Amino acid sequence: MQNSGEPKTGFLGRRELDLPVTIFEVMSRLSDEHKAINLGQGFPDERGPADVLDVAARAILEGWNQYPPMMGTPDLRQALAAHGKRFYGLDIDWRTEVLVTSGATEALTASLLGLIEPGDEVVLFQPMYDSYLPIVRLAGGVPRFVSLKAPDWSFTRADLEAAFSPKTKLVLINDPLNPAAKVFTRAELELLAEFVQRFDAFAVCDEVYEHIVFDGRQHIPLMTLPGMRDRCLKIGSAGKTFSLTGWKVGYVTGAPHLLQPVAKAHQYITFTTPPNLQAAVAYGLGKDDAYFAGLAGGLQAKRDRLADGLRAVGFEVLPSAGTYFVVADVSPFGFDGKDEDFCRRLTVEAGVTAIPVGAFFVQDAPRSFIRFCFSKRDEILDGAVERLGSYFSRK
C-alpha cells in the first residue's frame, strides 16, 4: 500500500498532476446532491438565437462536415475581422491575424503555451478565472500576482511596480473580469499599457464578455490603445456572445508574429473546430446592432432583478459592470468563517448555490464575498431569492 506521504501515482505508475478539483465542480456536485438552485456556474439557461441555431442545423445537413482549415473557416475569420472593425475600429488581416479555436479556454491554452518559455514571468490579476494559473504553470511560467480589492477591484501604479520585472514575458488580463464583474476603465488600461511597453512584454486579453457590459459602459480592448496593437492577443467567445456556451467556439486576434506560435500550439491541441458551428458564428457576428444591445440590456435587467432581491434579503451587493455575475458581501449576516463555508451552508440549508470569491485567489484572499450568476430565467432567480429570504428569516 502506498504511503500517504508519497506522491500519488496513477495506474501507469506515473505521478499525477497536482491539480485541485475546480470549485465549480465541487459546488455543482453539492448543489445536485441537495437539489439546490445552482447560481454558481456561469451559463445561460436559454436556447440562444433561433436564427443562429438554424444556420448551424442547415450547415450540418447541407454543408461540409470534414476537417475545416486549421486556422478556421475563411467565412468566420473574415467575419471576425469585420467584427473588429465594426466595434473597435481595428484593421485586421483575416488571413494572418485571426485564429479559430475550440472554445476560449483552448485559445488561452494555445496562447500561453505558444508564448511562454520556462522561467518567463507572467503577471496575473486576482481574482482570476480558475484555469489561468494551471495553464501558466504547465507552460513553465512563473506567476506574479496583482491583488484587486473590493469594491472597485482596481490596481495602482505601486501594484504594477511590484509585479513587473525584467523577466516579465506577458500579462494576462480578463476584461470584463469574470469573478468580480469588473469592467476596466480607460485610465486603468492606459496604466497597464504603459507597463507592458516599458518592460517590452505582451498581453493576453481574455475578452469573452466583451458584449456584456452594462449601464452605458463601453468595452475597450487593450489592443486599441496606442502602442498596443502589436503586443496584444485578443480572445473572444461565441459561447458568451450568443448564449451558446456548449458550442465551444473561441477565437484569437493578434499580429502575425504573436499569432504564429499560438497557431502552432493550437494544431497539437484541437487542430480544428466543427465547421457547421463556425458557419453559424460567422452569420451571428453580422447580426444588427439591436441584437448586441438586446443581449446586454436583457442581462442588465436580470442583474438588477437578482441584485434587488439579494439586497432585500440582507446582502450587501457590489457593483456589477458586466459579465453574468454579481458579487455579494456576507458580512451583514455576522458569519465568522470562510466564504466557502458560507456557500456550502447556503447550498445545504437554504437550497441556493453560489461560488466563494476567495476560490479565485492564490494569496491574500478575501473571506466575505460570494458570487451569484444571474444569466438564468426570471423564475429561477425569483425562486432563489425566495429560498434565501425564507432561510434568513428563520435565523
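Predicted model, so just to flag it, every value in this text is computed and none were measured.

A word on the overall build of the protein. Each helix and strand in the protein was counted, giving 13 helices and 13 strands. Taken against the 2.2 N^0.38 rule, which gives 21 Å for 395 residues, the C-alpha radius of gyration of the protein at 21 Å falls within 12% of a compact globule. Here the C-alpha coordinates of the protein stretch approximately 60 × 55 × 50 Å along the principal axes. For the protein, the share of sequence-separated contacts (at least 6 apart) that also reach a separation of at least 24 residues comes to 75%. When the accessible area of the protein is evaluated, it comes to approximately 17400 Å², of which 52% is carbon and sulfur surface.

Below, the discussion takes up the environment of I370. Looking at where I370 falls in the secondary structure, it is placed in strand β13 (residues 369-373). Taking the relative accessible area as the measure of exposure, I370 reaches 0% and is therefore buried. For the pair I370 and C343, spaced 27 residues apart in sequence, the C-alpha to C-alpha distance is 7.4 Å.

Let us look at the nonpolar core. In terms of nonpolar packing, the biggest core is built from 133 residues, with L192, L222, F315, L346, F372 and L388 touching the most fellow members. Residue contributions to this core peak at eight residues, all from helix α11 (residues 289-313). Each residue touching F372, except ones within four places of it in the same chain, is listed here: L39, L306, L310, F315, Y324, F325, V326, A328, L346, V352, A354 and L388.

With that out of the way, let us pick up the pairing of strand β10 (residues 325-329). Buried residues dominate β10, accounting for five of its five residues. Residues F325, V327 and D329 point to one face of β10 and V326 and A328 to the other, with burial holding for every one of them. Where strand β9 (residues 316-317) lies against β10, two bridges are found, and the strand directions are antiparallel. Pairing of E316 across the sheet is with D329, part of β10.

Cut-offs and rules
- Residues numbered from 1 in each chain as written.
- Predicted model: local features only at pLDDT ≥ 70, side-chain atom pairs only at ≥ 80, totals over all residues.
- Heavy atoms only, no water.
- Helix = DSSP H or I, 4+ residues; strand = E, 2+ residues; numbered from the N terminus.
- Rg over C-alpha atoms; globule rule 2.2 N^0.38 Å.
- Contact = heavy atoms within 4.5 Å.
- Areas by Shrake-Rupley, 256 points an atom, 1.4 Å probe, with all protein chains shown as cover.
- Buried < 20%, exposed > 50% of the residue type's maximum accessible area, 1.4 Å probe, protein only.
- Core = buried A, V, L, I, M, F, W, Y, C linked by side-chain atoms within 4.5 Å.
- Pairing = 2+ DSSP bridges.

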